[in-house]
Amino acid sequence: MMKTLLKVEELHTHIGQYHILQGVSFEAREGEVSVLLGRNGAGKTTTLKTIMGLTPASKGTILFEDEDIKKRPTYVIANSGIGYVPEDQGIFADLTVEENMKVAMRKEDDATLARQEYVLDLFPDLKTFWKKDGGHLSGGQKQMLAMARAFVHESKLLLIDEPSKGLAPIVIEKVMEAITEMKKSTTIVLVEQNFFMASRIGDRYTLIDDGATVHAGAMKDLIQNEELKRKYLGIG
Amino acid sequence: MKRKFQLNHYLLVVIVLALVIFPFVSDSRTWTILLTQIFIFSILAMSYDILLGYTGIVSFGHAMFFGMGAYTTAVMLKRIEPTMGMFILSIGVGMLLAGLISFFIGLLTLRLKSHFFAMLTLAVSGLFLVLAEKWRTLTQGNDGFTFKAPEFFKDRVMFYLVALACLVLVYLFLRRFVNSPFGRVLVAVRENEQRTRSLGFNPLHYKVIASVVAGVIASLAGSLYAVSLRFVNTSVLTMDITLDALLMTIIGGVGTLIGPIVGAGVIELAQHYLSGLAKEYPIFERWIIFFGIVYILAVVFFPRGIVGTVREQIWKRKTKKDGSKPVPKKEVL
Amino acid sequence: MELLINLTINGLATGMLIFLLASGLTLIFGLMSVLNFAHGGLFAWGAYSGVWFYSLTGSFFLGILGAILTGAILGFITEKLIITPVYGNHVQQILITLGFMLVLTEMLKVVWGPNQIAAKVPPYLAGSYEFGDVLIIKYRLFIIFVGFLIFGIFQYMLQKTKIGLVVRAGVMNKEMVQALGINIKRVFLYVFMTGAALAALGGVLFAPYSGVIYAEMGFEFAILAFIVVVIGGMGSFSGSLSAAILVGLAGSYMAYYVPALSLAVNMMLMAIVLIFRPQGLFTAKG
């Protein structure tokens, strides 16, 4: 039995006057890829943001390694070992690729630099554009930079928000390869609309609808379950 | 509810009557002048609250309209003739000017975000100040000029009564204004501009009209102010005037009409007494510091000011007693 | 010719003083969307405290250091007491920083009295250089030199150091900076203190330049700094230098050729920029 690394229970989040999350629960087990699925606006992105402390939770618990991190500020959450790749990638447009990586590095010692080399081997394109401004990269390159940035430390957990969004199939393929490689050394929570991609790299799934968890289980069961797919994902 | 509503009204009527009788029973010249001053600044502060409290706009240029009224009246009484008719005409001209200018400035600037709007109003009112200082043939700059008030105002009491009448009229008008459907939309703009827009109201339209109303009334206050001093100089256009309005509104209570009046009273009275104390204790020469600090504390801890906080307490006590849930209240006082 | 050179030098010197005030303002705004209406008060405090230290120690250099220190301490107090309680609420922020401006200005009068105070140029910076027929006042050159020096140092720090990278990244996307494990509030506190120190430096340099200091000077310069921040683009450090020089030069030429319009021109410039190009003249991003 694999250990549970992250356990989210009955999460509620308000943004302004809007009650966005109304009871999201799921868990991420160590070494697995957990996929959050659901329609646009279901609350997947907000779930990730709430875990990161970017949109404060109003109710519920977020247990990371058995500690409740709900009230902690974002930087503390990040430093406790959670990497985050936002939906819009959050690239610093006027900084070069190198500088983008530098901002993410907490230290610049040999170990970190070696780690950076390893990460860059996953995304060789970045080395080619090392001195280019982040804002001038293509969508796929931005995605890779964002993932490299989040992975430059040995994060225990990576939260990745829709990495396939707006990318060409061939680029998606590269991103998937990278995630598969990253999975070997870390746990991943993935938000993904592209069911083909989700089904290929995901181990477990959680279906979110109208801000609440409606279904969860092993990915291979969902692949068989035409009814669930039609009802919540509009496919099949 | 109904009874409370009427009680408040009676209270107001009693206070107004007391103020009307006051100059006939007391022959204190100081008090007559001080109260007149309070009435005038109450009008200014109420007009400011239409922007700050009801519409949620921070303007640092309100002095511009106050000064416009003051100069219009002063210049017309001086250059044409110091009669009652001219006084009334000058008020009208000042209001018209203020209305036109606030309309155009509002149209151009109110689409900006709060920071930019605040800065821009600061700059535009600065422009008016520069204009007044440079146009010496008309304004005599910082030295200013004296002028004769209409014969009717020779008696200070008459002017006192006119100022009081203006205050009551402005109050009644603004109360109608903020309780009208139009006023409700203003509050909606303050609370959530996006949502107001999605309900089909154009926030810009409402903000512009609010700033016109505020500008016109500030101009009236300026006209009265000039006559009360029988003198005008560029100080009526300075940031100090805007700051006064701001302090009075925040300390008295934003988003209410009584609040600015209470604030004007508190600040004018305190200014009077503290500058009296200053003869013995020089620290009180800097009385404005106390208000600065009170103001900062108010912004952080009592954003509703005196009137808002008192109301809230009364409301809490009442709801505790009968156990009913608080209902969004109408502008009663 | 001499006139033109002198007007230019004068404009550059004023521009540098405005730049010192505006550079902090623009970074503070860029990083946390806080527009500090009390920034001019820090400028005035720099002037008063600097002149005080100068007269106390007899060293202009120590006066400058004293002003910078005063600015940094006041910056710390302002950030902790005034800005932190109202993070995120723009209307409250505008109101409270303006109130603090009032308190700062009045406190000056409490400490040093309400009258103007004379400030002298230190002997080694007094007098002027002669280049052929042209006389150039030394102290003005000194201000310009300090201005460019500060710009150089900070530009280097912003471009080449880790903290500079973090500040620039924070201006672009502060959520992401936090998600990468950086405590942006602490970074912001440092930036705020640095900005306050720069404003104070501007103040103390202004003192011998104008010859007298007075409490309201903070407010007058703050308006110019706002204009510069708007023209230069919110959050743009180099933009604020270009805009400050522009405003300084415009003020200087106008004051000579069309004195009636000198202040008005800058304000009109700002109004036009705000209405037609609110992101600033010197920012590339549209």
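For chain C, the name recorded in an unreviewed UniProt entry is Branched-chain amino acid ABC transporter permease, with Sporosarcina highlanderae as its organism. Entered under Sequence similarities (unreviewed entry) in the UniProt record, the comment concerning chain C runs "Belongs to the binding-protein-dependent transport system permease family. LivHM subfamily." Regarding chain C, the relevant UniProt record gives this comment under Subcellular location (unreviewed entry): "Cell membrane".

Draft legend 1. Quick peek at the overall build of chain A. Along chain A, the regular secondary structure elements total 10 helices and 10 strands. The 236 residues of chain A split such that 42% are buried. Contacts in chain A between residues far apart in sequence, at least 24 positions, make up 67% of those at least 6 positions apart.

Draft legend 2. Quick look at the nonpolar core. Grouped together as the largest cluster of nonpolar side chains are 257 residues, with contacts concentrated most on Leu159(A), Ile43(B), Ile18(C), Ala200(C), Ala225(C) and Val228(C). Element by element, the count of residues in this core is highest for helix H8 (residues 184-210) of chain C, at 16 residues. Non-local contacts of Ala225(C), meaning those with residues more than four positions away in its chain, are made with Ile18(C), Leu21(C), Ala22(C), Leu25(C), His39(C) and Gly40(C).

Draft legend 3. Region of interest: the sheet that holds strand E7 (residues 157-161) of chain A. Residue and element names in this part refer to chain A. Strand order in the open sheet made by the six strands is E6-E7-E8-E3-E9-E10, with mixed pairing throughout. At either end of the open sheet lies a strand with only one pairing partner, and these are strand E6 (82-85) and strand E10 (212-218). Strand-to-strand twist across the sheet, computed as the mean angle between neighbouring axes with direction ignored, equals 15°. Two elements, strand E9 (residues 204-209) and E10, share six bridges in a ladder whose sense is antiparallel. Residue pairing across strands places leucine 207 opposite histidine 215, the latter belonging to E10. Against the sheet, helix H1 (residues 44-51) makes contact with strand E3 (33-37), E7, strand E8 (187-191) and E9, and its axis sits at roughly 145° relative to E7, the strand it touches most.

Draft legend 4. Geometry of the environment of Ala67(C). Residue and element names in this part refer to chain C. Note on placement: alanine 67 falls in helix H3 (residues 60-83). Residues alanine 67 and leucine 21, 46 residues apart in the sequence, show an inter-C-alpha distance of 14 Å. Ignoring any residue separated from it by four or fewer positions in sequence, one finds alanine 67 in contact with Gly46, Ser49, Gly50, Phe53, Ala200, Leu201, Gly203 and Val204.

Draft legend 5. Just the interface of chain C and chain B, in detail. Listed as interface residues are 31 residues of chain C and, on the opposing side, 30 residues of chain B. Put simply, the parts of the chain that give the side of chain C that touches chain B at least two residues each are helix H4 (90-112), helix H9 (217-232) and helix H11 (262-276) of chain C. Considering every element that reaches the side of chain C that touches chain B, the biggest residue donor is H4(C), with 14 residues. For the side of chain C that touches chain B, the per-class residue count stands at 26 nonpolar, three polar and two charged.

Draft legend 6. A look at helix H12 (residues 258-277) of chain B. The end-to-end C-alpha distance of H12(B) is 28 Å, a good match for the 28 Å that 20 residues give at a rise of 1.5 Å each. For H12(B), every residue scored as buried is listed here: Ile258(B), Gly259(B), Pro260(B), Ile261(B), Val262(B), Gly263(B), Ala264(B), Ile267(B) and Glu268(B).

Draft legend 7. Highlighting the UniProt feature "transmembrane region" (unreviewed entry) in chain C. The feature "transmembrane region" (unreviewed entry), as annotated in UniProt, sits at residues 12-32, 52-74, 94-112, 139-158, 187-209, 221-249 and 256-276 of chain C in this numbering. The distance separating the terminal C-alpha atoms of residues 94-112 of chain C is 27 Å; by composition the span is 100% helix and 0% strand.

Criteria and cut-off values
- Residues numbered from 1 in each chain as written.
- Chains lettered and ligands numbered in written order.
- Predicted model: local features only at pLDDT ≥ 70, side-chain atom pairs only at ≥ 80, totals over all residues.
- UniProt positions renumbered as here; feature names shortened; annotations may be inferred.
- Helix = DSSP H or I, 4+ residues; strand = E, 2+ residues; numbered from the N terminus.
- Buried ≥ 20, exposed ≤ 12 C-beta atoms within 10 Å, placed from the backbone.
- Contact = placed C-beta atoms within 7 Å.
- Core = buried A, V, L, I, M, F, W, Y, C linked by C-beta atoms within 7 Å.
- Pairing = 2+ DSSP bridges.
- Axes fitted to C-alpha atoms, helices over the stretch in contact; angles between N-to-C directions.
- Nonpolar A, V, L, I, M, F, W, Y, C, P; charged D, E, K, R; others polar.
- Expected span 1.5 Å × (residues − 1).

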